[in-house]
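Listed here are the chains, written in short residue letters.
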Amino acid sequence: MAYGIKIVNSNGKIFATPETPFMHMAYKNSFSVGDMALGNKAVAYNTGIPANVRILCYARCSTQTLFFVTPYQSGGTWWFKINSSKAVSGTFYFFTNEIPPSSGGWGLDMFNASGQRVYSTSTKPLQNLQTSLSRNGVKTFQAGFPTAAIATPCEYWVQPIKGGQEVQLFVAAPCATGNQLDLTAVGTGIMPSSQGFSFTAFGGVVNYINASLYD
């Protein structure tokens, strides 16, 4: 950068610059879904966040379950299709590239060359962390603090069914409960094939946050 300000974290990685888009905590909201057979119609959830805004959502569950959301747009806002292998409640943490209004007082605001406010110490910026989970490797990760994870599938595989020509499709996703992340999995369907395969989405990387920073 030719001029301006650059903030780095303790690892020397760039934390914020005027040219770097940044995500900030927009709000958090409780969710609750009843007992639902995975594969049936997912529960629709309206985030209320405008569709022209970029979003990231982290979920913290009350109990361990196969839980993931699929984002889509409808009626000018972001919606989720919530899938869960059993009844569960919890909290969504929403982050957007639209910075909430300043609460006033003192601090630091950062603007880009177009005059857009891109960073502010009056808000709660996203501090994303990463780990890896896989069915053939580490399945549980102890974070040492309350966690919430981006609820998206991170592994798929097909497993032959003993004694037949069918295979069963499995999906796995990270579930954040308490201070840990667990790779949870469930069979979602059976198909006529004698072949098996596996696919690790995103290299098995799980994105999570320290939820206590945003509670």
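Just above, that's the structure.
The rules behind these values
- Residues numbered from 1 in each chain as written.
- Predicted model: local features only at pLDDT ≥ 70, side-chain atom pairs only at ≥ 80, totals over all residues.
- Heavy atoms only, no water.
- Phe/Tyr/Trp six-rings, centres within 6.5 Å; stacked < 30°, edge-to-face > 60°.
- Helix = DSSP H or I, 4+ residues; strand = E, 2+ residues; numbered from the N terminus.
- Buried < 20%, exposed > 50% of the residue type's maximum accessible area, 1.4 Å probe, protein only.
- Lys NZ or Arg CZ within 6 Å of the ring centre and 35° of its normal.
- Salt bridge = Lys/Arg side-chain N within 4 Å of Asp/Glu carboxyl O.
- 1 Å grid on protein atoms, 1.4 Å probe; cavity = no way out; pocket = protein on both sides within 12 Å on 5 of 7 lines; lining within 4 Å.
- Points joined across faces, edges and corners; volume = space filled by probe spheres on them.
- Nonpolar A, V, L, I, M, F, W, Y, C, P; charged D, E, K, R; others polar.

Enquirer: Which residues make up the packing of aromatic side chains, and what values go with them?
Expert: Within this structure, the stated rule accounts for 15 aromatic pairs. Between F67 and F92 the ring centres are 6.4 Å apart and the planes differ by 40°, which places this aromatic pair in the tilted class. Linking F67 in strand β6 (residues 67-74) with F92 in strand β8 (residues 88-96), this pair joins segments that are 25 residues apart in sequence. Accessibility expressed as a relative area gives 1% for F67, which makes it buried. Site record: aromatic cluster; members linked through ring pairs are Y27, F31, Y45, F67, F80, F92 and F94. We note K81 situated over the ring of Y72; from NZ or CZ to the ring centre the distance is 5.5 Å.

Enquirer: Summarise the pattern of salt bridges; cite the residues concerned and give the values.
Expert: A complete count under the given rule lists 2 salt bridges for this structure. Its salt-bridge partner being E155, residue R135 comes within 3.4 Å of it at the nearest N-O pair. With R135 in the loop between β11 (129-132) and β12 (140-142) and E155 in strand β14 (residues 155-160), this residue pair connects regions lying 20 residues apart in the sequence. Judged by relative accessible area, which is 25%, R135 ranks as partly exposed.

Enquirer: Give a detailed account of the layout of surface pockets, specifying residues and quantitative values.
Expert: Of the voids in this model, the largest pocket is the one considered here, and its volume is about 530 Å³. Around the largest pocket sit 17 residues that line it, and N9, F15, L126, Q127 and N128 are the ones nearest its centre. Elements supplying a minimum of two residues to the lining of the largest pocket: β2 (14-16) and β11. For the lining of the largest pocket, a count of residues per class yields 8 nonpolar, 8 polar and 1 charged. Empty space within the second largest pocket amounts to approximately 310 Å³. In terms of lining residues, the second largest pocket is bounded by 20 residues, among which L56, C57, P71, I150 and T152 are the most central. Residue assignment for the lining of the second largest pocket shows that the elements contributing at least two residues are β5 (55-61), β6, β7 (77-84) and β18 (205-210). Counting residues per element, the lining of the second largest pocket draws most heavily on β6, which supplies 4 residues. When its residues are assigned to classes, the lining of the second largest pocket shows 16 nonpolar, 3 polar and 1 charged.

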